[in-house]
Amino acid sequence: MTALPRGESPGADTAADPAAAEAADPGGTPAAEDVPAGTGDGAGAEGAPAVSEAEAEIAAQRELRERIEKRKAEKDGPIEAGGKLSGTAADLLAAVRAVENGQKPATAFYDSPAPAPARRTAPAPAPVRERAPEPAPAPRAASPESVAAVAAVLSAGGAPAALGRPAAALLGDRAAEILREDPWQLLALPGVGPEQADGFARALLGAACGPDDERRTAALTGWVLEHAALRGHTALDADQVREALAGRGVSDPAAAVRHAVAEGVVLVFQDGPEEQGEAEDAPEAEETAEAAAPGPVLLGLDRYALAEESLADGLARLVVGGDEDADWSAAAAAAPSPSAGELIRAAAAHGLVAHTGGEAARAEPAALIAAARGLGLRALGAAHSVDGRRRLAEDVGAPEAAVTLAGLLAGAEGPGRDEEGALALDLLVVLDAPQLDVETGAMLVESLADGVRLVLSGDPGVLGSAGAGQVFADVLAARACPRVVSRTPDAGPIGELVSGIGVGELNQVAAPGKEVVIVPVRDAGEAVHRTVQLVADSVPRALGVPSGDTQVITVGHGGAAGTRVLNEALKQRLNPGPGRFGGFDPGDRVAHVPAPGRTVPGVVVSADAEGLHLDCAGAPVVVPQERVADSVRHAWALSAHQAAGTRWPAAVVVLPGDAARGLSRPWVYTAFGRGERHLSVVHGVDQALPRAVAEVPAQERTTRLRGLLEASREAQEPPKE
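Residues numbered from 1 in each chain as written. Predicted model: local features only at pLDDT ≥ 70, side-chain atom pairs only at ≥ 80, totals over all residues. Heavy atoms only, no water.

A. Region of the structure containing the sheet that holds strand 11 (residues 550–554). A sheet is described by the order of its strands in space; here 5 strands give the open sequence 10-19-18-11-17, paired in parallel fashion. Each having just a single partner strand, strand 10 (516–520) and strand 17 (637–639) make up the two edges of the open sheet. With strand direction ignored, the average angle separating the axes of adjacent strands in the sheet is 25 degrees. Sheet topology note: the strand 10/strand 19 (residues 675–683) ladder contains 5 bridges and is parallel. Bridging across to strand 19, valine 516 finds its partner in leucine 679. Packing against the sheet, helix 21 (residues 524–543) makes contact with strand 10, strand 11, strand 18 (648–655) and strand 19, and its axis sits at approximately 150 degrees to strand 19. Along the sheet, helix 22 (residues 563–574) contacts strand 11, strand 17 and strand 18; its crossing angle with strand 17, the most-contacted strand, is approximately 165 degrees. (Pairing = 2+ DSSP bridges. Helix = DSSP H or I, 4+ residues; strand = E, 2+ residues; numbered from the N terminus. Axes fitted to C-alpha atoms, helices over the stretch in contact; angles between N-to-C directions. Contact = heavy atoms within 4.5 Å.)

B. Fine view of the sheet that holds strand 3 (residues 298–300). With antiparallel pairing, the 3 strands of this open sheet are ordered in space as 1-3-2. The outermost strands of the open sheet, each flanked by one partner alone, are strand 1 (236–237) and strand 2 (267–269).

C. Broad picture of the pairing of strand 11. Within strand 11, 5 of the 5 residues are buried, which leaves it mostly tucked inside the rest of the structure. Here strand 11 shows no split at all, with Thr550, Val552 and Thr554 on one side and Gln551 and Ile553 on the other all buried. Pairing geometry for strand 11 and strand 18, over 5 bridges, is parallel. Residue pairing across strands places isoleucine 553 opposite valine 653, the latter belonging to strand 18. When strand 11 meets strand 17, the two strands line up parallel, connected through 3 bridges. Pairing of threonine 554 across the sheet is with serine 639, part of strand 17. (Buried < 20%, exposed > 50% of the residue type's maximum accessible area, 1.4 Å probe, protein only.)

D. Representation of the pattern of salt bridges. Considering all chains together, one arrives at 25 salt bridges under this definition. Notably, a salt bridge pairs arginine 706 with glutamate 710, separated by 3.0 Å at the nearest N-O pair. Residue arginine 706 and its partner glutamate 710 are located together in helix 27 (residues 705–716), separated by 4 residues, close to a single helical turn. Salt bridges linked by common partners bring Glu359, Asp387, Arg390, Arg391, Glu394 and Arg674 together as one network. (Salt bridge = Lys/Arg side-chain N within 4 Å of Asp/Glu carboxyl O.)

Below is the structure:
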């Protein structure tokens, strides 16, 4: 039995569904640790050289979860969200409570009447922020004895012994015992699919296991939701989960879901409208009841449920904040554009503001930051990427006013935290907000004190976050705060082309300076050849853009013209070498992925006993030898998810014939917008490109945040007379 890379399944062709493969493997690498996507970057922290970036990320997530769970435990009615459940959802919740109290088995409750619905308690208008706990220690590495014991169990079950270290780190000192008792716990490891786990279980348990073994069905239920999270979902409709279980040979999916809920593997939700008061007129009451039908029954993992509820509470706290400590009128009047003035006025009057616009609109949050700093406020902008940080610093005119969001949350960048653990800020602007996943969003709002102004700014047309959730889209859809829509258009042929794509139109644009060039190709082999030719020769010669300033973007990592094939061809042409440092040579262009969903561009400098030495935008980074294979990849070619939030002087977008199924309007919008001066499109998909732009919108994500925000907003509105 062989473990597959993270995001791949046995027998699956990842090139057949590039969008799903990219979401499942946003970094283009297998993950060495089970690290939540989108968390802070521990790089650059001093005084703890033994703590890796991944360990720092895990510690930050553990701290967040402990903080959220503590706050939830202090509230009245810790499962209050279930008080409104009806039907199947109420049955599931009753089973959980009964099993926890030791009263009855879960299956005894499914013929009993549902509990009476109860109103959701609205969050307080401005809850007091509790003191943040001390930073959690980095997770302890698994002992050699534990790793050896796990490796022995794995070998006995026909699994690779190399999984011993990650299994011991994930399952703890009792990992070997846990795997012997429940072999399907192997599914918790990145890259392990149901087929491998089933084979491992059969080898250990023999005839004692079967497709309906409760250990198997519980693990499969969690695995289905984990893989849904890789596609951006924080929850799934219960019917979808049951269908997925049936496809994996479970004969009674409904019973399997009930068992998983009773065991605490998943949580159950049914968010819907608040119950209505009694109506005097019976027909009107019937119409109201029909209109107020509860929503679908959703199943979710506790980590995402806690993060979404914490994020909703935090945003509700911030939306009523915003200290009235300065006169912003002069700053708004002096703004460089009408849209910038509108944004300044909105931020002055509200604690939470959403701002939308394209690349040119990024100057508006920069103007807001500069205005706030001119008023003596502690104002900061956080971008998704190192390049975004650089561009923001140039727009603001103050390098210290721009950070990466990951660096800010990890404490490696920014002003640090006050004595209560909150970021020492009065105003925070988060750029590239569509890249904000729900766990990072929860960490962010937990780090902001009462009265801090938060502005979420971004382009709704780009690809969403690599991690689970759609924070920016949910905030906009819930109308949780004022929204400022920029009226600043993107200039030039590339801006005109991308603006048309945003509204579903793929237009021909005049490009007298060769700003946009279409290069038709017949097959993937020709696509690779023409791409190398463009990067190495045509673009530098015709436009004066060096090869190092040109970025190749393609649909997925696999396939005949995916990032792997393109990077191999580009290395042979641009920096040939034997790859003596784990496949890398000095001068190689690479992407460092310290955690899933985060891509840091860099160049290989050297290697020694410490590891692989990189230069990442002027910052030295050392990747330990054991993590190089999992967290470093060549990066002459990237996926669109990896490229989001970054721009280059020139971009070459490669669309071979097998990429057609992975195209969508957000993908094309994101990829085509990565070039500042020049865009070449290596075009081999014929009519699939205009069809994708016109007919294939963003993939819908199932989340609970929008409903939570809407409920919070409605609860804060004055009652209707």
